[in-house]
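Coordinates in review
Take a look at the letters that make up each chain.
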Amino acid sequence: MSDAAESVGPVTESLADGYLTLEYEPLSGGQIRLTAKANGETLESGEYNTKIFGSATLKGQFLNSVEMSLEGRSAVDATKIRRELKEWFAEMNQLDKEEQKDKLLTDEVAQIIDGTHSVKVHGGETTVWKVTLTFAGRTKELEFTASEMVSGSGGALQEKIANQFYELVEIEKEDWEAIRERWQEQSEVVSVVDETASDAVADRVLEYLKNNLIPVGDREKMGNDVAAVWYDGDNATVCDDAPTEGPIAWVQGSFLSDQLESAGKNLEYKSTLVRDLIDRGDLYSGSEQRKWAWDTRTRVYPFNPESLGISEDDVVGGSDPSHSEVKA
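I will try to describe carefully the structure that is included in this document. Owing to the predicted nature of the structure, the values given are computational and were not obtained by experimental measurement.

Another aspect to go through is the overall build of the protein chain. Looking only at helices and strands, the protein chain has 11 helices and 13 strands in total. Against the 2.2 N^0.38 benchmark of 20 Å for 328 residues, the protein chain shows a C-alpha radius of gyration of 36 Å, more extended than a compact globule. With 328 residues in all, the protein chain has 44% of them scored as buried. In the protein chain, once contacts between residues fewer than 6 apart in sequence are set aside, the share between residues at least 24 apart is 50%. Surface exposure of the protein chain reaches about 17100 Å², of which carbon and sulfur atoms provide 43%. Averaging the positions of the 33 positive and the 63 negative side-chain charges in the protein chain gives two centres separated by 3 Å.

Right under this line is the structure:
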């Protein structure tokens, strides 16, 4: 461990006109080492939960042990010293919550909190926390996922410190909670990306459809090219999920599959795409089997024409598709 990560040692306070020395040293895991000395001689020393300041039981154990060690010593008022110690415990317990936390942090945890320059939250489908931290003489940016931030342990922070600062530190549950609480107070939401990964795929597929489709005003002409999209201006096909009077843009299933693959997704993703397009209002419903311009029943999808960028003006005259003839 580097010098920057080493403990600075216990805090020392004098009581009973300097006769009694009280030392306390924060430890990991919500513990504290308390030591009472008289003229350099240890009267009592042990590790206690930091709740000792407000716990009559824990506090009583420590006070009883110190008082018993002082009894029988000449010119020493054990009862008076116990009373002063009890007052010190009360003062520590009355400290502001944040101030007490500061006093009871281990040196490593204090360095992490004090060395935190910023906590920037980038929201979205996958939210990340970017923490700029100076530790062990280096300044690095640590990135945490939502699952790492809500974790009940500091394992992710330990691993990132090892990776970025080359230091092995122990971050107990209580330490992690203290660090995370301070980070939450310091955090700033700097960006929110509303678009999800599924939205990005849907947008890309729609873009491919727009760029490659051939609008036709006669459904019989769909059989000439897989890219031919029939603009059904008045819902002549009676699609229950579409507006009663239209319009509908009928897209051939094989053409939709081609554009999905062009967008970098395999056909297993098609059901997810269709569901997302319906939720977004780009597609009125799932596919239907129709036998319009083909010898066999063919799968077609009822799209909202606006999502494909086509209108009635695009099909005036019902021109033939310019693509080479393809069997649908």
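In the structure shown here, the tally under the stated rule is 12 salt bridges. One salt bridge connects E47 with R33, and the closest N-O pair in it is separated by 3.1 Å. Note that E47 is positioned in strand β4 (residues 41-49) and R33 in strand β3 (residues 31-38), a separation of 14 residues in sequence. With its nearest N and O atoms 2.6 Å apart, the salt bridge here joins E177 to K173. Taken together, the residues span about one helical turn, with E177 and K173 both in helix α7 (residues 173-186) at a distance of 4 residues. Note on K173: relative accessible area 46%, which makes it partly exposed. One network of salt bridges, with partners in common, ties together D199, D203, R280 and D282.

The next point concerns the packing of aromatic side chains. Throughout the structure, instances matching the rule amount to 12 aromatic pairs. The interplanar angle of 80 degrees and the centroid separation of 5.8 Å between the aromatic rings of Y48 and F62 together place this pair among those described as edge-to-face. One end of the pair, Y48, is in strand β4; the other, F62, is in helix α1 (residues 56-70), and 14 residues separate them in sequence. For Y48, a relative accessible area of 9% puts it in the buried group. A ring pair is formed by F62 and F89, whose centres lie 5.9 Å apart and whose planes are at 70 degrees; its orientation type is edge-to-face. Pair noted here: F62 is in helix α1 and F89 is in helix α2 (residues 78-94), with a separation of 27 residues, a long-range link. With respect to class, F62 is no different from F89; both count as buried. Among the aromatic residues, ring-to-ring pairing joins Y24, Y48, F53, F62, W88 and F89 into one connected group. K160 extends its terminal NZ or CZ atom over the ring of F144, reaching a point 5.1 Å from the ring centre.

Moving on, we come to a negative patch on the surface. Together, D234, E245, E312, D313 and D314 line one region of the surface with negative charge. Mapping E245 onto the fold places it in the loop between β10 (228-232) and β11 (248-252). Exposure remark for E245: the relative accessible area of 66% places this residue in the exposed category.

Structurally, E181 is set in helix α7. Through-space distance from the C-alpha of E181 to that of G154 is 13 Å; in sequence the pair is 27 residues apart.

Relative placement of two packed helices is described by the angle separating their axes and the distance separating the axes. Relative orientation of the contacting elements helix α8 (residues 197-212) and helix α10 (residues 270-280) amounts to 90 degrees, with a least axis distance of 10 Å. Between α8 and α10, the interaxial angle falls into the category roughly perpendicular. Side by side, α8 and α10 meet where S198, D199, A202, D203, V205 and L206 of the first sit next to L273, D276, L277 and R280 of the second. Across the contact of α8 with α10, the residue classes tally to 5 nonpolar, 1 polar and 4 charged.

Let us now look at the environment of K140. In this structure, K140 sits in strand β7 (residues 138-145). Assessed through its relative accessible area of 29%, K140 is described here as partly exposed. What K140 contacts, discounting residues up to four positions off in sequence, is V131, T132, L133, Q164 and F165.

Moving on, we come to the sheet that holds β4. Ordered in space as β1-β2-β3-β4, the 4 strands form an open sheet in which the pairing is antiparallel. Edge positions in the open sheet fall to β1 (11-15) and β4, since each of these has one partner strand only. Between one strand axis and the next, the sheet turns by 20 degrees as a mean value, whatever way the strands run. In this structure, β3 lies alongside β4, joined through 8 bridges in antiparallel fashion.

This paragraph deals with α10. Looking at α10, one finds that the buried residues are K270, L273, V274, D276 and L277. For α10, the angular spread of buried residues about the axis comes to 165 degrees, placing them on one side. Within α10, the exposed residues directed more than 90 degrees away from the buried face are S271 and D279. Buried residues along α10 sit against α8, α9 (253-262) and β13 (298-303). Once α10 ends, the next one or two residues include G281, with phi positive near 90 degrees.

Rules used in this analysis
- Residues numbered from 1 in each chain as written.
- Predicted model: local features only at pLDDT ≥ 70, side-chain atom pairs only at ≥ 80, totals over all residues.
- Heavy atoms only, no water.
- Helix = DSSP H or I, 4+ residues; strand = E, 2+ residues; numbered from the N terminus.
- Rg over C-alpha atoms; globule rule 2.2 N^0.38 Å.
- Buried < 20%, exposed > 50% of the residue type's maximum accessible area, 1.4 Å probe, protein only.
- Contact = heavy atoms within 4.5 Å.
- Areas by Shrake-Rupley, 256 points an atom, 1.4 Å probe, with all protein chains shown as cover.
- Lys, Arg positive; Asp, Glu negative; His and termini not counted.
- Charge placed at Lys NZ, Arg CZ, Asp CG, Glu CD.
- Salt bridge = Lys/Arg side-chain N within 4 Å of Asp/Glu carboxyl O.
- Phe/Tyr/Trp six-rings, centres within 6.5 Å; stacked < 30°, edge-to-face > 60°.
- Lys NZ or Arg CZ within 6 Å of the ring centre and 35° of its normal.
- Patch = residues over 30% accessible without salt bridge, like charges linked within 9 Å, V, L, I, M, F, W, Y side chains within 5 Å.
- Axes fitted to C-alpha atoms, helices over the stretch in contact; angles between N-to-C directions.
- Parallel < 35°, antiparallel > 145°, perpendicular 65-115°, else oblique.
- Nonpolar A, V, L, I, M, F, W, Y, C, P; charged D, E, K, R; others polar.
- Pairing = 2+ DSSP bridges.
- Arc of directions from axis to C-beta.

These figures capture arrangement, not role.
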